[in-house]
Amino acid sequence: MLERMEERFNPEAVIEEFEALSRDAGRIQRETLKRILEENGETEYLQRWGLKGRTDPDSFKACVPLATHKDLEPYIQCIAEGKNPSLLTGKPITTISLSSGTTQGKPKFVPFNDELMESTMLIYKTSFAFRNREYPIENGKALQFIYSSKQFKTKGGLTAGTATTNVYRNTQFKKTMRAMQTPCCSPDEVIFGPDFHQSLYCHLLCGLISRDEVQVVSSTFAHSIVHAFRTFEQVWEELVNDIRNGVLSNRITVPSIRSAVSKMLKPDPQLADAIYSKCSGLSNWYGVIHELFPNTKYIYGIMTGSMEPYLKKLRHYAGGLPLLSADYGSSEGWIGANVNPKLPPESATFAVLPDIGYFEFIPLKENTNGQEQERLPVGLSEVEVGEEYEIIVTNFAGLYRYRLGDVVKVKGFHNATPELQFICRRNLLLSINIDKNTEKDLQLSVEAAAKLLSEEKREVLDFTSCIDSSTEPAHYVIFWEISGEPSDEIMQECCNCLDRSFVDAGYVSSRKVNSIGALELRIVKRGTFHKILDHHVGLGAAVSQFKTPRCVGPNNGIVLQILSCNVVKSYFSTAF
Ligand code: AMP
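Throughout what follows, the structure given in this document is the object of discussion. (Residues numbered from 1 in each chain as written. Predicted model: local features only at pLDDT ≥ 70, side-chain atom pairs only at ≥ 80, totals over all residues. Heavy atoms only, no water.)

**Structural notes on the sheet that holds strand β4 (residues 152–153)**
Now for step 1: Pairing in this open sheet of four strands is mixed, and the strands run β2-β1-β5-β4 from one edge to the other. Unpaired on one side and paired on the other, β2 (109–112) and β4 mark the two borders of the sheet.
Now for step 2: The strands that helix α5 (residues 69–80) touches are β1 (95–98) and β2; relative to β2, the one it contacts most, it runs at about 65°. (Pairing = 2+ DSSP bridges. Helix = DSSP H or I, 4+ residues; strand = E, 2+ residues; numbered from the N terminus. Contact = heavy atoms within 4.5 Å. Axes fitted to C-alpha atoms, helices over the stretch in contact; angles between N-to-C directions.)

**Remarks on the side chain of His227**
Now for step 1: With respect to the helices, strands and loops of the structure, His227 is situated in helix α11 (residues 223–245).
Now for step 2: Setting aside residues no more than four positions away along its own chain, His227 makes contact with Phe196, Leu200 and His530.

**Details of the site of the ligand**
Now for step 1: Lining the immediate environment of the ligand, one finds 18 residues, of which Thr304, Gly329, Ser331, Asp406 and Arg425 sit closest.
Now for step 2: At a separation of 2.9 Å, an oxygen atom of the ligand approaches a polar side-chain atom of Arg425.
Now for step 3: If the ligand stood free it would expose 490 Å²; the protein chains cover 94% of that surface.
Now for step 4: Every element with two or more residues in the shell around the ligand is listed here: β9 (328–330) and β16 (417–425).
Now for step 5: By residue number, the principal contributor to the shell around the ligand is β9, which donates three residues.
Now for step 6: Looking at the shell around the ligand residue by residue, the class counts come to six nonpolar, eight polar and four charged. (Near = heavy atom within 4 Å. Polar contact = N/O pair within 3.5 Å; in protein donor to acceptor, adjacent residues only side chain to side chain. Areas by Shrake-Rupley, 256 points an atom, 1.4 Å probe, with all protein chains shown as cover. Nonpolar A, V, L, I, M, F, W, Y, C, P; charged D, E, K, R; others polar.)

**Digging into the packing of α11 against helix α15 (residues 311–318)**
Now for step 1: At a minimum axis distance of 10 Å, the contact between α11 and α15 shows a crossing angle of 55°. Taken together, the axes of α11 and α15 are oblique relative to one another. With respect to the hand of their crossing, α11 and α15 are arranged in left-handed fashion. Along its contact with α11, which presents Ile225, Val226, Phe229, Arg230 and Glu233, the element α15 presents Lys313, Leu314 and Tyr317.
Now for step 2: When grouped by side-chain class, the residues that make up the contact of α11 with α15 number five nonpolar, no polar and three charged. (Parallel < 35°, antiparallel > 145°, perpendicular 65-115°, else oblique. Left-handed = near helix turned anticlockwise from the far one by under 90°.)

Geometry only, nothing functional implied.
This is the structure:
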């Protein structure tokens, strides 16, 4: 793959190569599995399952069991402790990635290697090539709200950091960004700074200094862009002052960031006036991104799944600029590229790259009793349009038949490779007895209730949920952080609407007979969700990978505590 990473790449050639691979996806999958098993067949893990040199899909599925992170944890732990770096892969693992861990409450360790880095760059380039056809970029810059946490050494001396950190710190990343003609506006000191509040301020400042050159505004997950412009609303006058006087605000105290950004600043009253007048002319910050960065072609970042609730605010800030949803992957490896950039984020799909891993899909069809039945996984060529699946990954970094925990839906095919829509995390279920509500169900319910709130010109800034089993019967709790102070009547209506909007038959019938108690809506103080973000960052998660946990489990005690300490009001549904 490395030969595809030349300095300036040809988007049409990348597209051609992807077309060829995707036309032959079934064969490429078999070859990819063969390569993975040839390279790693001698490892203790694969030896254990008695493959005896066989590399075909049938033998692989018959011998090697499905695995969760929990199953692999002892192996990864051993590798991290330096006891045996080749337990999972032929080539020793030298780097560990920390997944965001926002689902489980603590970051997970997963192996990272050159192959994962290469597939990351390949997927960036593939989707860029398709994007560039529709929205060409010419020698511009990207205002990227990216943050990288520190890398550290594990007990065994391996380098460890969040997956995004491992990517941003790799020399290939910068090369690829240059090849895509969108280097980041900010210097490395800002991206790699130890304090994300200061990095965010400086990303905004560096973006404003390069205002006319900015062609793309992006982040890994769209939440970071919304967060950045919410912050901009608070600090814009300070930023304008810095530009006017050519002196960086006192809030920037980290010496490396201060010195790098100060070098870029010189007094520019003209620019300061222009920004001041743009901001003063805005109504409720509508279109701020377009006004500040007039040459922006599009806004880019993951906007699907748990990011969908931020789309409304992002559209508000974007003021008509196209929103392009980024690719689908995880710390464990990439899966698919968005090759239909013109689709609105709500309908974005990801075409699986058949040469970056071997993919299987567990059908999630319900049986006639409405219960989910676990079925045998099928291969990439056997999936059916319209069906939902849990995705299973085998990759070049030591994961074999690994349950990623995501549910996807097949929306169609790009040549012979499936185009997936992300549905939700499989384990994010609100469930008390026979009820089953996923992250998506919660999102739909919040959207319906938030509509009532928007009639009063208020908005839901963020939300999450949990099960409260301390009451008899147990009940769902939804936490909302909202703007302004709507009336109690409206909040009661929102609470009832939330309760009614969970349409899962198990939930509705349980509510009717009161085997699930009345849904509770708890309003938390402004800033509570920032505290949750700070807590995760404190645990070593990167802001770039942060996803608000939409359902907080009982073992995520600190987040539950942050939420409960900040409740200002609560309402119980009277809908049933
Ligand atoms: P992390 O744990 O930080 O590696 O995050 C990986 C998870 O983020 C995936 O397993 C998905 O649940 C979610 N994710 C990644 N890409 C997307 C996407 N394009 N759309 C929706 N969710 C995504």
